[in-house]
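Structural description and commentary
Residue strings, one per chain:
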Amino acid sequence: MNSGSITRAIINLSALQHNQQVLQKTAPNSQILAVVKANAYGHGMVEIAQTLTGIHALGVARLNEALLLRDAGITTPIVLLEGFFHADDIETLVEFNLQTVIHSQQQLKALLNCRLQKPLQVWLKLDTGMHRLGFHSAEFDEAYQALKSSTNVAQPIHLMTHFNCADELDNEITSKQLIQFKKHIKTDSGLNSLANSAATLAWPETHIDIVRPGIALYGISPFADKLADEFNLQPVMTLRSQLIAVRSHQAGESVGYGASWSAKTDTTLGVVAVGYGDGYPRMAPEGTPVLVNGRVVPIVGRVSMDMLTVDLGIDSTDKVGDDVTLWGEGLPATLVANHIGTIAYELITKLTSRVALQYVS
Ligand SMILES: *Cc1c(COP(=O)(O)O)cnc(C)c1O
């Protein structure tokens, strides 16, 4: 390994395939729409898409994400989960064989008013409570009928909604959303898709035709209070760096910017080559866990751009060059996120381009 890749995210593609199988077993009668938006949650969209075989479709948030996949030769069906943002883009969807969510009157009008060479596959979105995107119940059936009678639209029309509280196991909103959704299923409508990772793992009645896992595919629990191994999911990303200094440190001495922490006793500090310039959150407080030589040690002092410091303890035998795990195998991203006051989704999607992605299987 050269020093250019001292801080790298190891991406374990076997773990990805394992997670796909686990999710398929969890939803045995459903197909999978694998969500690969935001560079596959930081894992590298093209490599992830190439590894996921036998799925119904890939899900992205932006047209440019879909075009990157097509450029890379990915022929799997792709769904734009938020649809198109400009009427001009509809032609591009047809050209590149992309499917679109239709969630608003603006999108509906634009689609009805253009003239397409080939009909477009659409997923009509019902708002069941998230209240970001989707047709209100009262508008939904009319939108459905309008799409049904348009030659621009491939038949049958697929239906979808998105949960806002599926990660709360005792929240009855999810069941109510399911009931509301079911009222809008038509005898001639196509596939139905509701479940994100949390619903896929915890709300089997929502699986119906297509589940849409994102985070669980990457081996991370969608629940803050349950770890991935409870579901037999394996972390795909392990963020690794190395100790670049190991220093004896006396009681009363501080470390880092602002001298925000001082040692209570004599100890050994480790300096790790990772910081907010790599996407490791500056907000990580003292005590945030880091894995060094198989044991958890706490961050001390402030995270800086290129480094952070850990308390290795007075008996440390750790050496410069030893591997350090920030999250992933051996240290679930969920635990780190809980310490920092964020969610694992944010940790993994925010790695910067300085971090090399290394694929292993
Ligand atoms: C991002 C997204 C998902 C996946 O969510 P996870 O919590 O990562 O499983 C599913 N559906 C839609 C519409 C999304 O935008």
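This text follows the structure it describes.
All values derive from a computational prediction rather than experimental measurement.

Considerations on the site of the ligand
Around the ligand, the structure places Val 35, Lys 37, Tyr 41, Leu 81, His 162, Asn 196, Ser 197, Arg 212, Pro 213, Gly 214, Ile 215 and Tyr 345. A distance of 2.6 Å separates an oxygen atom of the ligand from a polar atom in the side chain of Tyr 41. Across the complex, the protein chains shield 92% of the 390 Å² of accessible surface that the ligand would expose by itself. When grouped by side-chain class, the residues that make up the shell around the ligand number 6 nonpolar, 4 polar and 2 charged.

Quick word on the side chain of Thr 342
Structurally, the position occupied by Thr 342 is in the loop between helix H10 (333-340) and helix H11 (344-349). On the basis of relative accessible area, Thr 342 is assigned to the buried category, the value being 18%. Of the polar contacts made by the side chain of Thr 342, one reaches the side chain of Glu 346; its length is 2.3 Å. Ignoring anything within four residues of it in the chain, the contact list for Thr 342 reads Ala 337 and Leu 347.

Let's talk about the nonpolar core
Counting 107 residues, the largest nonpolar core has Val 36, Leu 58, Leu 111, Leu 124, Tyr 280 and Trp 327 as the members making the most contacts within it. With 5 residues, the single largest contributor to this core is helix H1 (residues 13-26). Setting aside its immediate chain neighbours within four residues, Leu 124 contacts Ile 102, Phe 135, Phe 140, Ala 143, Tyr 144, Leu 147, Ile 157, His 158, Leu 159 and Met 160. Of all hydrophobic cores here, the second largest spans 5 residues; its members include Val 255, Ala 263, Leu 269 and Val 300.

Observations regarding the packing of aromatic side chains
A complete count under the given rule lists 4 aromatic pairs for this structure. Ring geometry for Tyr 280 and Trp 327: centres 5.9 Å apart, planes at 20°, overall stacked. Taken together, the residues Tyr 280 in the loop between strand E13 (267-272) and strand E14 (289-292) and Trp 327 in strand E17 (residues 323-327) connect sequence positions 47 residues apart. Like Tyr 280, the residue Trp 327 is buried in the burial classification. An aromatic cluster is present here, built from Tyr 41, Tyr 218 and Tyr 345 joined pairwise through their rings. Over the ring of Tyr 144 we find Lys 186; its NZ or CZ atom is 5.2 Å from the centre of that ring.

Considering the pairing of strand E5 (residues 98-102)
Within E5, 5 of the 5 residues are buried, leaving the element largely enclosed by the surrounding structure. Burial along E5 is two-sided: the residues Leu 98, Thr 100 and Ile 102 and Gln 99 and Val 101 are all buried. Examined bridge by bridge, strand E4 (residues 78-80) and E5 share 3 bridges and lie parallel to one another. In the strand pairing of E5, Ile 78 is matched with Leu 98. With respect to chirality, the unit in which E4 leads through helix H5 (residues 90-95) into the neighbouring parallel E5 is right-handed. Direction of pairing for E5 relative to strand E6 (residues 122-125): parallel, over a ladder of 3 bridges. Directly across from Ile 102, in E6, lies its bridge partner Leu 124. Taken together, E5, helix H6 (residues 105-113) and E6 form a β-α-β motif whose crossover is right-handed.

Quick notes on the rules
- Residues numbered from 1 in each chain as written.
- Predicted model: local features only at pLDDT ≥ 70, side-chain atom pairs only at ≥ 80, totals over all residues.
- Heavy atoms only, no water.
- Near = heavy atom within 4 Å.
- Polar contact = N/O pair within 3.5 Å; in protein donor to acceptor, adjacent residues only side chain to side chain.
- Areas by Shrake-Rupley, 256 points an atom, 1.4 Å probe, with all protein chains shown as cover.
- Nonpolar A, V, L, I, M, F, W, Y, C, P; charged D, E, K, R; others polar.
- Helix = DSSP H or I, 4+ residues; strand = E, 2+ residues; numbered from the N terminus.
- Buried < 20%, exposed > 50% of the residue type's maximum accessible area, 1.4 Å probe, protein only.
- Contact = heavy atoms within 4.5 Å.
- Core = buried A, V, L, I, M, F, W, Y, C linked by side-chain atoms within 4.5 Å.
- Phe/Tyr/Trp six-rings, centres within 6.5 Å; stacked < 30°, edge-to-face > 60°.
- Lys NZ or Arg CZ within 6 Å of the ring centre and 35° of its normal.
- Pairing = 2+ DSSP bridges.
- Right-handed = clockwise from strand over helix to strand, strands pointing away.

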